[in-house]
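Survey of secondary and tertiary structure
Spelled out from the first residue to the last, the chains are:
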Amino acid sequence: MSSFDVQRPIVELPDQNPDPAFSDDELVWTDAEKEQIEAWKDQYAEDQGAIMKVLWLAQEKFGYLPPEVIKFCGETLDMTFSQAYGVATFYHQYYKEEKGEFVLDVCTCFTCQVCGGYDILHYLEEKLGIHAGETTDDGMFTLQEAECLGACGSAPMMEVSNGPYVHQLTKEKVDALIDSLKDGKMPAFTSVTLPQDEDEMGGNRRTDAEQTTTYETQPRGEHME
Ligand code: FES
């Protein structure tokens, strides 16, 4: 008779991990963190709405999100491990394993791909001597493929350590970026403003910039009141 027990789970289950990175004693929130989490819960119709913020808080606190930390975040909001795991694994911005000092998220989604995203990724693989998904031996760089980061207008691009975007990448820009990161200098935030009227585009763009830049979605907490 077959058993329905999970014999070899594809996903590492926190309860079956003999050697967790964090002990139960370490998996606690400080009073200040508890207060912050309560404030976040108040912003949503259901407590579970705060899971992304709680996962982010945990990542900043523990450095990354191994299964026991994901479970801890879920329990904080009365969620199952699988529910919290589903959120944590949907976004590459949540680190499920330890990363290097700098995480290079090279976008290879549609627009970046046709603009050379894979050329940039492969150039970095050769330059750093690692494949996408790996970390250099000195622990300095982790290279990752990323889904669309919402900056398709300046493709190909990458994000550095969930922070600044580096736009319109070339091999020369990559070289300069790696050199400055090795010197401990993060790239500065740069805002890329796209042409917004027909004059700038030679009469080849709609002129609804005012509408598209003033549209705002309501925070869900207010919307539900
Ligand atoms: S496809 Fe790369 S930012 Fe959108």
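In what follows, the structure referred to is the one given above.
Residues numbered from 1 in each chain as written. Predicted model: local features only at pLDDT ≥ 70, side-chain atom pairs only at ≥ 80, totals over all residues.

1. Considerations on the overall build of the protein chain
Just so we agree on the cut-off: Strands are runs of DSSP state E lasting at least 2 residues, helices are runs of H or I lasting at least 4, and numbering of each runs from the N terminus. Exposure classification rests on a simple neighbour count of other C-beta atoms within 10 Å of a residue's own: a residue reaching 20 or more is buried, one at 12 or fewer is exposed, and one in between is partly exposed. C-beta atoms are placed from the backbone. In this description, any two residues whose backbone-derived C-beta atoms lie within 7 Å of each other are considered to be in contact.
Scanning the protein chain for helices and strands turns up nine helices and four strands. Each helix and strand of the protein chain, placed in order from N terminus to C terminus, yields the pattern α-α-α-α-β-α-α-β-β-β-α-α-α. Evaluated residue by residue, the protein chain yields a buried proportion of 20% over its 225 residues. Once local pairs closer than 6 in sequence are excluded, the contacts in the protein chain between residues at least 24 apart make up 55%.

2. A few points about the pairing of strand E1 (residues 102-107)
Put simply, the rule reads: A pair of strands is treated as paired once DSSP finds two or more bridges between them.
With six of six residues buried, E1 is to be regarded as a mostly interior element. Where burial is concerned, the two faces of E1 agree: the one with Phe102, Leu104 and Val106 and the one with Val103, Asp105 and Cys107 are both buried. Direction of pairing for E1 relative to strand E2 (residues 141-146): parallel, over a ladder of six bridges. Paired with Leu104 across the two strands is Leu143, which belongs to E2. In this structure, E1 lies alongside strand E3 (residues 158-160), joined through three bridges in antiparallel fashion. Note that in E3 the partner of Asp105 across the bridge is Glu159.

3. Re the sheet that holds E1
Worth spelling out the cut-off: Geometry is summarised by axes, namely lines fitted to C-alpha atoms with helices restricted to the contacting stretch, and by angles between N-to-C directions that run from 0 to 180 degrees.
Pairing is mixed in the open sheet, where four strands are placed in the order E2-E1-E3-E4. Since the sheet does not close on itself, it has two edges, and those belong to E2 and strand E4 (165-166), each with one partner. Contacting E1 and E2, helix H6 (residues 117-128) crosses the sheet at an angle of about 150 degrees to E1.

4. Side note on the environment of Ile37
Turning to its location among the elements, Ile37 is positioned in helix H1 (residues 31-41). Exposure remark for Ile37: the 19 C-beta atoms within 10 Å place this residue in the partly exposed category. Spatially, the C-alpha atoms of Ile37 and Leu57 are 9.0 Å apart, while their sequence positions differ by 20 residues. Dropping the residues within four chain positions of it, Ile37 is found in contact with Trp29, Ala50, Val54 and Thr76.

5. Section: helix H3 (residues 67-76)
For H3, the buried fraction is high: nine of the ten residues fall into the buried class. Every buried residue belonging to H3 is among Pro67, Glu68, Val69, Ile70, Lys71, Phe72, Cys73, Gly74 and Thr76, and all of these are buried. Among the structural elements, H1, helix H2 (51-62) and helix H4 (81-90) are those in contact with the buried residues of H3. Taken from the residues just after H3, Asp78 is the one with a positive phi, measuring 55 degrees.

6. Examining the nonpolar core
The nonpolar side chains of a soluble globular protein tend to be buried, and buried together. Test applied: For the purposes of this analysis, a nonpolar core is taken to be any set of buried Ala, Val, Leu, Ile, Met, Phe, Trp, Tyr and Cys residues that are connected through C-beta atoms within 7 Å.
In terms of nonpolar packing, the biggest core is built from 18 residues, with Leu104, Val106, Cys107, Leu124, Met157 and Met158 touching the most fellow members. The set of elements that each furnish at least two residues to this core consists of E1, H6 and E2. Among the elements that line this core, the one with the most residues is E1, at five residues. Apart from the residues within four sequence positions on either side, Met157 is in contact with Cys107, Cys112, Leu149, Ala151, Tyr165, Val166, His167 and Leu169. Of all hydrophobic cores here, the second largest spans 15 residues; its members include Val54, Val69, Ile70 and Met79.

7. So, H4
Given 3.6 residues per turn, any residue in an α-helix points the same way as the ones three and four places further on. Note the cut-off: Read the arc as the range of directions from the helix axis to the C-beta atoms.
Within H4, burial applies to Ala84, Tyr85 and Ala88. For H4, the angular spread of the buried residues around the axis is 100 degrees, confining them to a single face. Pointing more than 90 degrees away from the buried face of H4 are the exposed residues Ser82 and Phe90. Here the buried face of H4 lies against H2 and H3.

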